[in-house]
Amino acid sequence: MQTREEHTRIADSVDASLYPVAVLIDELRNDDVQLRLNAIKSLGTIATALGQERTREELLPFLQEIIDDDDEVLIALAEQLRQGLEWVGGPQYAYALIGPLEELCNVEEITVRESATESLKILAGHMSSEHISRHFCALISRLATHDWYTSRISVSNLFACALPKVSDTKQEDLLKAYCRLCSDDTPMVRRQAANVLGSVAEVLDDEEMLDELLQAFEKLSQDEQDSVRILAVKNVVALGKLRSASDWHARILPVLKSCAEDKSWRVRYMMADNVKQLCDVFQAKAATAVVPFYLRLLSDQEVEVRMIAAARLAAAAAVNPTKEFLDTLLPSMEKLTMPQEHSQHVRASLAGSVLSLAPIFGTKLTVDHLINVFLLLMRDDTPEVRLKLISTLGELSSVVGIDVLSQSLLPSIKDLGKDRQWRIRLAVIECMPVLAQYLGEVAFTKELSHLFGVWLVDPVFSVRDAAAANFKRLAEVLGQPWSEAHIVPQLQALLTNKNYLYRISSMLCAGTLAEVVSPPFLEKHHVPMVVKMADDPVPNVRVNVAKTMQVVLRHMPGSSAGKDTLMPALRRLVADSDPDVRFFAQRALDESERAA
């Protein structure tokens, strides 16, 4: 091993013509972190100047000595070393890069170790089987038996890339080393071993080795630490994907039962959260081996578990979309509504997912059974629950008929449109285009059009702004004649409102509507409105008039009304006493002149 004094001569021995490179080498030892970081990022330049042999024999050993450094520098070093094959002479010398990366695998900072192991995995992909057996397996052996637990955590990530490239004998040795990590005294080491179990299983073909790995899997699933057991569900999914044979699944599924009944709520949480993946992997047995455990979790004693279970209803229902299953599911769902369920978070989670069941069970079962749960949640005292429900209303509208919407749901929707919580009113506004599409023009206008005027004069700007955007979407769904009959009269009524905020609402609506109607419509309705409002005494109104003029002129190019009526009004605004009005008016005028 070279001494530090020998390494300090690296820079001195560089050719004089390469003085900048010598400076970079010196900066690797500089006290300034930023200079060291810049030097690390220039390692490719240094290695090219030194040549491949000197890089292997001098630069890389030197890098091993500066490992005790700032974490940011070490991460940059690991990232640079993964690009170092050309520095050392190609894949046949890839093993030369292992030294500094091994040191990085020992440090305490997890981001440094993760970057180092990623670099090692990339190098392993370029190494020959002989070099993997000689150099990479030796690295794994050293790290796996290292006194520091950080090294043993790091090495867990390396087994999957080494196993496919070595002989059967070496595979057995590596698997034994991995299984020792699964029984390590340090919980964090066992956790990381459990975390990579699926990737190790994917590269094993030998039945005896797989059997040994399953024993390790079963042991980890019964670990005393819930931080280790929490990964059991992930491994059940990974192992289940490997083979579809019933005997293979029969060995894995008992672990699933223990996860669903685990004393730690975090493990049960993972079971509920992954129910979709479990049902996909164990399709043949999902109805009997997965869903029953999931149904129990809907009544779990912990709020977090009930909350995630309620959010995954659709995944479980898709396995068995029958009346019998719905009859089984409904009691658990009703327990998650008031007054039985006291947690608003659980009720909100149920409200966000209950309507996703409608397309799964179909119209009849939805109308007969799910509507009642929907109405219970609609009357919930907590705004967040009602908000979640309204935000998914489109899924229900696409399944049930107009009669059901009109009789059962519209009264509740109309009440929510005037809810005391502005976010609820906002969510109802967002649902209007979907309801218009399914109710049809006549029914929609009859039942819900009275809400538009209420929203346009709402005390909250976000509601008024959403109503303006909503008119544009309704015009696209119901057509221009409907807009002329039902939107324009409401806008014209607002033009003379004493409250300037509501006059601004009329301009916002006119601006959004201008994007989807024809030029003749604009000439007939928009032009008179904006010209009238151009003389409004409130500057904020005139600012919005200028913005609306810009949109109107954009969508009626070459129009005589635009030239003869709008442009004079716009030029008056360009000379307005208010600087903001002048700015937006000038912007509209410039755009119009460029288009002309």
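Quick caveat: nothing in here was measured; it's all calculated off a predicted structure.

Caption draft 1: Focus on the overall build of the protein. Counting its regular elements, the protein contains 42 helices and zero strands. The C-alpha atoms of the protein give 34 Å as radius of gyration, which overshoots the globular expectation for 596 residues (25 Å, by more than 25%). Seen along its three principal axes, the alpha-carbon backbone of the protein occupies a region of about 90 × 75 × 35 Å. For the protein, with 596 residues in total, the buried portion stands at 53%. Considering only intrachain contacts with a sequence separation of at least 6, the fraction spanning at least 24 residues in the protein is 67%. Here the protein has roughly 26,500 Å² of accessible surface; of this, 50% comes from carbon and sulfur atoms. Separation of charge centres in the protein, based on 63 positive and 81 negative side chains, amounts to 8 Å.

Caption draft 2: Geometry of the environment of Ala-588. Along the chain, Ala-588 turns up in helix H42 (residues 579-595). Remark: the alpha-carbon pair of Ala-588 and Arg-243, spanning 345 residues in sequence, is separated by 65 Å. Not counting the four nearest positions on each side in its chain, Ala-588 is found in contact with Ala-546, Gln-550 and Leu-570.

Caption draft 3: Examining the pattern of salt bridges more closely. The full count for this structure, using the stated rule, is 29 salt bridges. A salt bridge links Arg-142 to Glu-102; its shortest N-O distance comes to 2.8 Å. Here the residue Arg-142 occupies a position in helix H10 (residues 129-144), and Glu-102 occupies one in helix H8 (residues 98-104), the gap between them amounting to 40 residues. Judged by its relative accessible area of 39%, Arg-142 falls in the partly exposed class. Between Asp-327 and Lys-323 there is a salt bridge, and its shortest N-O distance comes to 3.0 Å. With a gap of four residues between them, Asp-327 and Lys-323 both fall in helix H26 (residues 323-335), about one helical turn apart. Residue Lys-323 is classed as partly exposed on the basis of its relative accessible area of 39%. One connected set of salt bridges, linked through shared partners, spans Lys-257, Glu-261 and Arg-296.

Caption draft 4: A look at the packing of helix H13 (residues 168-182) against helix H16 (residues 207-221). Put simply, H13 and H16 touch, their axes get as near as 10 Å, and they point 5° apart. When the interaxial angle is binned, H13 and H16 end up roughly parallel. Note on element contacts: H16 touches H13 through Met-209, Glu-212, Leu-213, Ala-216 and Leu-220, opposite Asp-168, Gln-171, Glu-172, Leu-175, Lys-176, Tyr-178, Cys-179 and Cys-182.

Caption draft 5: Region of interest: the environment of Glu-102. Glu-102 gets classed as buried once you look at its relative accessible area, which sits at 13%. On a C-alpha basis, the gap between Glu-102 and Gln-64 in space is 8.8 Å, while along the polypeptide they are 38 residues apart.

Caption draft 6: Spotlight on helix H39 (residues 519-533). Taking 1.5 Å of rise per residue, the 15 residues of H39 would be expected to cover 21 Å, and the 20 Å separating its terminal C-alpha atoms lies within 8% of that figure. Roughly 40° is the biggest bend found in H39, and it falls at His-526, with proline Pro-528 one to four residues downstream. All buried positions along H39 are accounted for by Phe-521, Leu-522, His-525, His-526, Val-527, Met-529, Val-530 and Met-533. Where H39 is buried, its residues contact helix H36 (480-486), helix H37 (488-494), helix H38 (500-513), helix H40 (539-554) and helix H41 (560-574).

Caption draft 7: Quick peek at a negative patch on the surface. Together, Asp-168, Glu-172, Asp-173, Asp-205, Asp-206 and Glu-208 make up a region of like negative charge exposed at the surface. Among the elements that make up the negative patch, the one with the highest residue count is H13 (three residues). For Glu-208, the location among the structural elements is in helix H16.

Caption draft 8: Up close: the packing of aromatic side chains. Summed over all chains, the structure comprises nine aromatic pairs. With a centroid separation of 6.2 Å and an interplanar angle of 80°, the aromatic rings of Trp-265 and Tyr-269 are classed as edge-to-face. Taken together, the residues span about one helical turn, with Trp-265 and Tyr-269 both in helix H20 (residues 265-273) at a distance of four residues. Look at Trp-265 and you get partly exposed, because its relative accessible area is 27%. Relative accessible area serves as the criterion here: at 26%, Tyr-269 is assigned to the partly exposed category. Seen from their ring centres, Phe-444 and Phe-452 are 5.9 Å apart, and the 40° between their planes marks the pair as tilted.

Analysis parameters
- Residues numbered from 1 in each chain as written.
- Predicted model: local features only at pLDDT ≥ 70, side-chain atom pairs only at ≥ 80, totals over all residues.
- Heavy atoms only, no water.
- Helix = DSSP H or I, 4+ residues; strand = E, 2+ residues; numbered from the N terminus.
- Rg over C-alpha atoms; globule rule 2.2 N^0.38 Å.
- Buried < 20%, exposed > 50% of the residue type's maximum accessible area, 1.4 Å probe, protein only.
- Contact = heavy atoms within 4.5 Å.
- Areas by Shrake-Rupley, 256 points an atom, 1.4 Å probe, with all protein chains shown as cover.
- Lys, Arg positive; Asp, Glu negative; His and termini not counted.
- Charge placed at Lys NZ, Arg CZ, Asp CG, Glu CD.
- Salt bridge = Lys/Arg side-chain N within 4 Å of Asp/Glu carboxyl O.
- Axes fitted to C-alpha atoms, helices over the stretch in contact; angles between N-to-C directions.
- Parallel < 35°, antiparallel > 145°, perpendicular 65-115°, else oblique.
- Expected span 1.5 Å × (residues − 1).
- Bend = angle between axes of the 7 residues up to and from the residue.
- Patch = residues over 30% accessible without salt bridge, like charges linked within 9 Å, V, L, I, M, F, W, Y side chains within 5 Å.
- Phe/Tyr/Trp six-rings, centres within 6.5 Å; stacked < 30°, edge-to-face > 60°.

Geometric values such as these leave the question of function open.
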